Amino acid sequence: MKKLFLLLFVSMGYFFSSYGQEKLTFSKVIEVKDVDKTSIYISLRDWISTYYRDTQEVLQMDNKDAGIIIGKAIFLYSMNKLAYAAYDGKIWYSIKLQVKDGRFKVEMSNFVHENKKGNAPTCNLGLITIAENYTDKGAQKFFHNKVWKDIKVKSERESNSIFSDLEKLAASIQTVKEDSDDW
């Protein structure tokens, strides 16, 4: 009975400790009423080539038949405060676009903080998860947790900026479709 209780206790502890390890993800479905999958896909492919400087560096998967585009990109990160300069660097993220007739889904995930080379290695926070804090231990706890929260806010802001840009793209696709239907 003691072993069963211990096993249950350890399992519950693992469940609760791993819950916060779920990666930070933002997603949105964007409607493009009465527009076919191929047209949406082509527009998204064009968007990627203009939104990102080096499309070949970003693209990881580009499958027109499946309607899936996956990329890996970065945005620069800084708190713009001298006390936090060791955390300056970049945030890597994945973007996944899944296309169907009349809509597409955008998913932003796998946010990874990487500080500049030469900065303190302990200030490289790695994969950003949904955990409220980065750590509850160590001398740098205050700084790590403050940066952790700021990275999450800026990752959400970056995601929302991309969602907004893609909503504008969807509206322009819709307008083109409606204009061509008038002929």
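Structure: above.
Residues numbered from 1 in each chain as written. Predicted model: local features only at pLDDT ≥ 70, side-chain atom pairs only at ≥ 80, totals over all residues. Heavy atoms only, no water.

Before we go on, may I ask you to explain the nonpolar core in this structure?
Soluble globular proteins tend to pack their nonpolar side chains together in the buried interior. If you look at the biggest cluster of nonpolar residues, it comprises 42 residues, and the most contacted ones within it are Phe104 and Leu166. Listed by contribution, the elements that provide at least two residues to this core are β1 (26–31), α2 (37–51), β3 (68–77), β4 (89–100), β5 (103–115) and α4 (141–181). Apart from residues lying up to four places away in sequence, Leu166 is in contact with Ile30, Leu44, Trp47, Leu97, Phe104 and Val106. (Core = buried A, V, L, I, M, F, W, Y, C linked by side-chain atoms within 4.5 Å. Buried < 20%, exposed > 50% of the residue type's maximum accessible area, 1.4 Å probe, protein only. Helix = DSSP H or I, 4+ residues; strand = E, 2+ residues; numbered from the N terminus. Contact = heavy atoms within 4.5 Å.)

Teacher, can you tell me more about the pairing of β4 here?
When a strand is regular, its side chains alternate between the sheet's two faces. Summarising the sheet, β3 and β4 pair through 10 bridges and their orientation is antiparallel. By the bridge assignment, Phe75 is partnered in β4 with Ile91. In this sheet, β5 lies alongside β4 in antiparallel orientation, the contact comprising 11 bridges. Counterpart to Lys90 in the pairing with β5 is Glu114. (Pairing = 2+ DSSP bridges.)

What is the right way to look at the layout of surface pockets in this model?
Where empty space is left can be seen by rolling a probe of water-molecule size over the atoms. For the largest pocket, the calculated volume is near 380 Å³. The element best represented in the lining of the largest pocket is β3, accounting for 5 residues. Of the residues in the lining of the largest pocket, the class split is 9 nonpolar, no polar and 5 charged. (1 Å grid on protein atoms, 1.4 Å probe; cavity = no way out; pocket = protein on both sides within 12 Å on 5 of 7 lines; lining within 4 Å. Points joined across faces, edges and corners; volume = space filled by probe spheres on them. Nonpolar A, V, L, I, M, F, W, Y, C, P; charged D, E, K, R; others polar.)

Can you help me understand the pattern of salt bridges in this one?
Side-chain pairs of opposite charge can arise where the charged atoms are in close proximity. Here the structure, examined in full by the defined rule, presents 3 salt bridges. Residues Glu167 and Lys28 are paired through a salt bridge, measuring 2.7 Å at the closest nitrogen-oxygen approach. Taken as a pair, Glu167 in helix α4 and Lys28 in strand β1 lie far apart in primary sequence, 139 residues in all. Of the residues examined, Lys28 reaches a relative accessible area of 32% and is grouped as partly exposed. Residues Lys154 and Asp150 are paired through a salt bridge, measuring 3.1 Å at the closest nitrogen-oxygen approach. With Lys154 and Asp150 both in helix α4 and 4 residues apart, this pair spans about one turn of that helix. (Salt bridge = Lys/Arg side-chain N within 4 Å of Asp/Glu carboxyl O.)

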